[in-house]
Amino acid sequence: MPASRGTSSEVLLAYAFDSGAFTATEAMAATGLTRSTVLAACDELVALGWLTALDDARAAGEYRKGRPARRYALDDRAGVVVGVDAGQHRVSVAVADLRGTVLGRSVASLGEDGLDVAVRLRALSDTVAAALAAAGAEPTEVLTVVVGIPAPVDAHGASPVDGRYWDRMNPGFDALGGLGRVVVENDANLAALAERPSSGDASFAALLSGERFGAGIVVDGVLLRGARGGAGEMRVLDLVDGVHSSDGIGATARVLVAEAADRIAPGSLLAGRGGSERVFEAAAVGDPVALEVVDRLGDRLARVCVLLASLLDIDRVVVAGAVASVAEPVLVRARGHLASWDFDPVPELVASRLGADVVVLGAVARAIDVVRGDPLALPVAGRPVSVRVAAG
């Protein structure tokens, strides 16, 4: 990294984020900074709490002759970040260090009160506090909070005013005041960030598929957002033949099971309260109604995949969210439809391995990106921000 891209401390800190323990010589080779500049920047970053000075290379067994070199490393606990998945029915929070290692978690169910703004904000604040306690972290240690919500979000964290659902999902998050910088992001975009490492260079859609369909879209390595954050919103599915709504796999399964209630045998796994939650289990043992539901879900998912692939020329659709762990039968049906229909390109259709954690892990990744974007503007452990001097 050339020194001209920022102050010496910024350049060196960016290197530390990407490295393990390092010596001044290694930092010089990687950054192009002079030895005196590297050492001065290390001293500043240690004083600010970003770096920690380690045992010298001789004490660490890595140096045998001459003057031992000083070694430094990013202090992973210089601060913590908080990732939040603020869904309609559930709030999930993870607290992580600056390497993304999760230190503490907490989950709260909103039940049928998920559209009540006061309930949502109180649950969010309480769940963040519980996750910080589980991590052994104080609120003053939080550098950034990223909140993922099921609504489009623009570059300023605002959602389009619709007078109903989106307004309730993004009412403002002043309840998190005092916890560093708060960033609001679309949940499907965060899912895409979480899935990007496993998707490599592919252009893909991370398709949240439980209660509703929502896509985080990466094309040629770039996450698409749109002027109002609406890229990947799936309300257009209301107009797609054979789909007719943005309801996801879980929500649609409940509707289809309810519609078939008069054909469900008394001893079926689908019988009784909560039967729709067992539709995949019932299909596995050959229940005819469950098999019909799975077939219809597969047809519906395939149509959504065709829409995404035709518009965006993507390589892969990753079915994400909690439903991904049980929905493989639906994906099998959808793959069959995609192979038989005359629509190219045919995207690879896979289930996410991150399950219900996909949004909260994407929020943690986004929070670390925010910290890395301008770390020296953030106070660490109550210490003042850096006085910036041009790199040398």
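Heads up: the structure comes first, above all this text.
Quick caveat, the model's predicted, so the values are computed rather than measured. (Residues numbered from 1 in each chain as written. Predicted model: local features only at pLDDT ≥ 70, side-chain atom pairs only at ≥ 80, totals over all residues. Heavy atoms only, no water.)

Peer 1: Just to check I follow, could you spell out the sheet that holds strand β11 (residues 222–223) for this structure?
Peer 2: Sheets are built from strands that pair by backbone hydrogen bonding, the pairs being arranged parallel or antiparallel. Spatial ordering of the open sheet is given by β11-β10-β9-β12-β13, a layout of 5 strands whose pairing is mixed. Every other strand in the sheet has two partners, leaving β11 and β13 (348–351) as the edge strands with one partner each. Running at roughly 180° to β13, helix α10 (residues 328–340) makes contact with β12 (316–320) and β13 of the sheet. (Pairing = 2+ DSSP bridges. Helix = DSSP H or I, 4+ residues; strand = E, 2+ residues; numbered from the N terminus. Contact = heavy atoms within 4.5 Å. Axes fitted to C-alpha atoms, helices over the stretch in contact; angles between N-to-C directions.)

Peer 1: How should unusual backbone geometry be read in this particular structure?
Peer 2: Most peptide bonds take the trans form, and the phi angle of most residues other than glycine is negative. Geometrically, the link from D344 to P345 is a cis peptide bond, its omega value of 0° lying close to zero. Secondary-structure assignment places P345 in the loop between α10 and β13. In the Ramachandran plot, H244 falls in the positive-phi region, its phi being about 70° despite a non-glycine side chain. Tracing the sequence through the fold places H244 in the loop between β11 and α7 (249–259). A relative accessible area of 52% means that H244 is categorised as exposed. Non-glycine residue D313 carries a positive phi angle of around 55°. As for its placement among the helices and strands, D313 is situated in the loop between α9 (288–312) and β12. A relative accessible area of 55% places D313 in the exposed class. (Buried < 20%, exposed > 50% of the residue type's maximum accessible area, 1.4 Å probe, protein only.)

Peer 1: What is the right way to read the pairing of strand β10 (residues 214–219) from this model?
Peer 2: In summary, the side chains of a regular strand alternate between the two faces of the sheet. The buried fraction of β10 is high, at 6 of 6 residues. A two-sided burial pattern is seen for β10, the buried positions comprising G214, G216 and V218 on one face and A215, I217 and V219 on the other. With 5 bridges joining them, strand β9 (residues 204–208) and β10 adopt antiparallel strand pairing. Counterpart to L208 in the pairing with β10 is G214. Hairpin connection, β9 to β10: the antiparallel pair is bridged by 5 residues.

Peer 1: Would you mind showing me how to read the sheet that holds strand β4 (residues 80–86) here?
Peer 2: Taken together, the 5 strands give an open sheet; going across it, the order is β6-β5-β4-β7-β8, and neighbouring strands pair in mixed fashion. This sheet does not close on itself; its edge strands, each paired only once, are β6 (102–109) and β8 (181–186). For this sheet the average axis-to-axis angle between neighbouring strands, irrespective of direction, equals 15°. Summarising the sheet, strand β5 (residues 90–96) and β6 pair through 7 bridges and their orientation is antiparallel. Bridged to V93 within β6 is S106. Packing of helix α6 (residues 187–199) onto the sheet brings it into contact with β7 (142–149) and β8, and relative to β8 it is tilted by some 95°. The sheet contacts of helix α11 (residues 358–373) involve β4, β5, β6, β7 and β8, and relative to β4 the element is tilted by about 140°.

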